[in-house]
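This is what each chain is made of:
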Amino acid sequence: MSRSGRVLLALVFAAWCAATIAGAVAHEPWWDEAQAWLIARDSPLLELFTQQLRYEGHPPLWYLILAVPAKLGLPYASLKVIGVLCGAASAFLLLFGFPRVPLYVRVLGPFGLFVAYQYTVVVRSYALILPLLLLIARMYDARHQRPGRLVVLLIVLSNVSVHGFAIACGLGALFLFDVASGRVPRPSRRAFLTSAAAFVLNAIVLAIVLWPAGDNRSYVHHHGRPFDPARHTFIATSVVPDLFLAPMREESPVLAVTRVTLAMTVLAIPVLWIFRRGAGAPFVLALLGVYAITLRYYAMWHLGLFYFVLLFALVLAFERRRHGALDKAAQVAIALLLLRHAEWAARSLRYDLRAEATGSKRAAEFVGAQGLHHRQLYGTGAAVIELQPYFPANIIDNYRYGGRTFWDYSSGNAWPYPKFTTASRQEMSRWFARLLAERPEYIVYAGGILEDELYAPGLFRNSNYVRMASFGGYTYWKDAEMWRITFHVFRRADMPPASGPRSVAR
């Protein structure tokens, strides 16, 4: 590449860093981000492996990375630094790691929604998956020469998330098949056996530490049934159109079918092109890995994992110098996809710079300024854990489980877990009535996640409690506000009023 080309890519990288750092500084971490940080900060390492991973369902790598700043006592904002660094690794590899990839892909790719915002500004472990896939793509055609390096990357990938583990298993199985069938030259016997043994040992260890505990309430109540045909339909209609289109604002069978048809038509062109370029096998195996896990559990942000697998396959395909009739049509579809995701990232960053994703940061500042963390402070609502990372230890007096600050999914957690049933709603109401009967001095009600709104009437209509302040914000998805997460601070009516200002939630 010419000097001017390198300068252009450097300027693009600098622009990417500026945009994501600005977004990260402005962003208020929400529930998922708080949960990961608190587990890393407050779980002893032995307990992490022997207990917590069985409830969280995530491999240990992300928590071990977060544990470095968290256990050193560095501020919560350190989480943002890690997220930006993970995204920067992806951006750098896309820009500088693949000279055969067209310039428009290398420039637009880093600015996609899941590279520049979701997983990076909204910090998630999945941010590690794309750089690892890109490193695998760089060495993929020479993987037989360095099987040890390939297996190291696959082992690291498998320790990022269960999706990464499934992808690693798929790519590892494909490598075994390619060697056995003679599609790639046989590596040295010693290197091959050592690498295979290391991967198998890693898989066994992960299976042991991740095997769900019998009293894991999240696993029992909020996971899909992989053998239910309706589940496959749900995943297909959730993923395929959402790669190109914003969420539906209206539920309509005709509109849903139209969306899926349109998206499948556009996607079919680059997918067929990937096969024509000889990258179909790794694409399918990686895709099946993600798909297998999402059949069990899927949330909208897992869409990015499908997007990462598609980027991985596109890079592999571009690196192979083959030309055909589909080249131009495929590149048009690819450009449309990248532009769409860049648009969503720009909207998300602009929103986060102007508005708040959750009210927890301001609520924590209020609690600290009023000294409520030194008083009798009760909490309600799952999102209340968002307050905890801003304090060195648990501040919620009715949440005492061995010093934990993060959400505990085990049966040892006496807080009711929403199951979206009549019985669970009744249980939550009874639990809240018992809480009020204890007459705590202060209560923080966090609403916006799961069925937390059930607690609102009991507080807002209770003459024994007075609302001191409210702080709210909205999480953002693609092009619109999504979940409103609000924190209301109440004092018992016979307590003296707060001296600080009253803030009103959005």
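Rules and cut-offs
- Residues numbered from 1 in each chain as written.
- Predicted model: local features only at pLDDT ≥ 70, side-chain atom pairs only at ≥ 80, totals over all residues.
- Heavy atoms only, no water.
- pLDDT = per-residue confidence, 0-100.
- Contact = heavy atoms within 4.5 Å.
- Buried < 20%, exposed > 50% of the residue type's maximum accessible area, 1.4 Å probe, protein only.
- Helix = DSSP H or I, 4+ residues; strand = E, 2+ residues; numbered from the N terminus.
- Pairing = 2+ DSSP bridges.
- Right-handed = clockwise from strand over helix to strand, strands pointing away.
- Axes fitted to C-alpha atoms, helices over the stretch in contact; angles between N-to-C directions.
- Lys, Arg positive; Asp, Glu negative; His and termini not counted.
- Salt bridge = Lys/Arg side-chain N within 4 Å of Asp/Glu carboxyl O.
- Polar contact = N/O pair within 3.5 Å; in protein donor to acceptor, adjacent residues only side chain to side chain.
- Phe/Tyr/Trp six-rings, centres within 6.5 Å; stacked < 30°, edge-to-face > 60°.
- Lys NZ or Arg CZ within 6 Å of the ring centre and 35° of its normal.
- Core = buried A, V, L, I, M, F, W, Y, C linked by side-chain atoms within 4.5 Å.

Draft legend 1. Spotlight on the confidence of the model for the chain. Here the chain averages 91 in pLDDT, and 96% of its residues register 70 or above. Confidence drops under pLDDT 50 across residues 501–506; counting only partners more than four residues distant or on other chains, this segment forms 22 contacts.

Draft legend 2. Summary view of the pairing of strand E3 (residues 377–380). The alternating pattern of E3 places Leu-377 and Gly-379 and Tyr-378 and Thr-380 on opposite faces, both of which are buried. Here E3 runs beside strand E4 (residues 442–447); their pairing, made up of four bridges, is parallel. Counted as the bridge partner of Thr-380 is Tyr-445 from E4. Between the parallel elements E3 and E4, the chain passes through helix H19 (residues 422–437) in a crossover that is right-handed.

Draft legend 3. Representation of the sheet that holds strand E6 (residues 480–492) within the structure. Strand order in the open sheet made by the four strands is E3-E4-E6-E5, with mixed pairing throughout. At either margin of the open sheet sits one strand with a lone partner, and together these are E3 and strand E5 (465–477). When the angles between neighbouring strand axes are averaged without regard to direction, this sheet yields 15°.

Draft legend 4. Focus on the side chain of Arg-491. Secondary-structure assignment places Arg-491 in strand E6. No salt bridge is formed by the buried Arg-491. Its closest oppositely charged neighbour is Asp-494, at 6.9 Å. Among the polar contacts listed, one links the side chain of Arg-491 to the backbone oxygen of Met-495, at a separation of 2.7 Å.

Draft legend 5. Here's a closer look at the pairing of E5. Most of E5 sits inside the fold, with eleven of its 13 residues counted as buried. In sequence, E5 turns back onto E6 through a hairpin of two residues, with Lys-478 there showing a positive phi of about 65°.

Draft legend 6. Broad picture of the packing of aromatic side chains. What the rule picks out here adds up to 28 aromatic pairs. Considering the side-chain rings of Tyr-399 and Trp-407, the 6.1 Å spacing of their centres and the 20° angle between planes classify their relative orientation as stacked. Taken as a pair, Tyr-399 and Trp-407 share a single burial class, namely buried. Taken together, the ring pairs in this structure connect Phe-114, Tyr-119, Tyr-126, Tyr-307, Phe-308 and Trp-477 into an aromatic cluster. We note Arg-124 situated over the ring of Trp-301; from NZ or CZ to the ring centre the distance is 4.3 Å. Directly above the ring of Trp-344 sits Lys-478, whose terminal nitrogen or CZ lies 4.2 Å from the centroid.

Draft legend 7. Broad picture of the nonpolar core. Counting 156 residues, the largest nonpolar core has Trp-31, Ile-136, Trp-273, Ile-274 and Phe-308 as the members making the most contacts within it. Ranked by residue count, the leading element in this core is helix H16 (residues 303–318), at 15 residues. Non-local contacts of Trp-273, meaning those with residues more than four positions away in its chain, are made with Leu-314, Ala-317, Phe-318, Leu-326, Asp-327, Ala-330 and Ile-334.

Draft legend 8. Examining the environment of Pro-247 more closely. As for its position among the elements, Pro-247 is in the loop between helix H13 (229–239) and helix H14 (253–276). Using a relative accessible area of 22% as the deciding quantity, one classes Pro-247 as partly exposed. Each C-alpha atom, one on Pro-247 and one on Leu-206, is 35 Å from the other, the two residues being 41 residues apart in sequence. Apart from residues no more than four positions distant in its own chain, Pro-247 is found in contact with Arg-259, Trp-477, Lys-478 and Asp-479.

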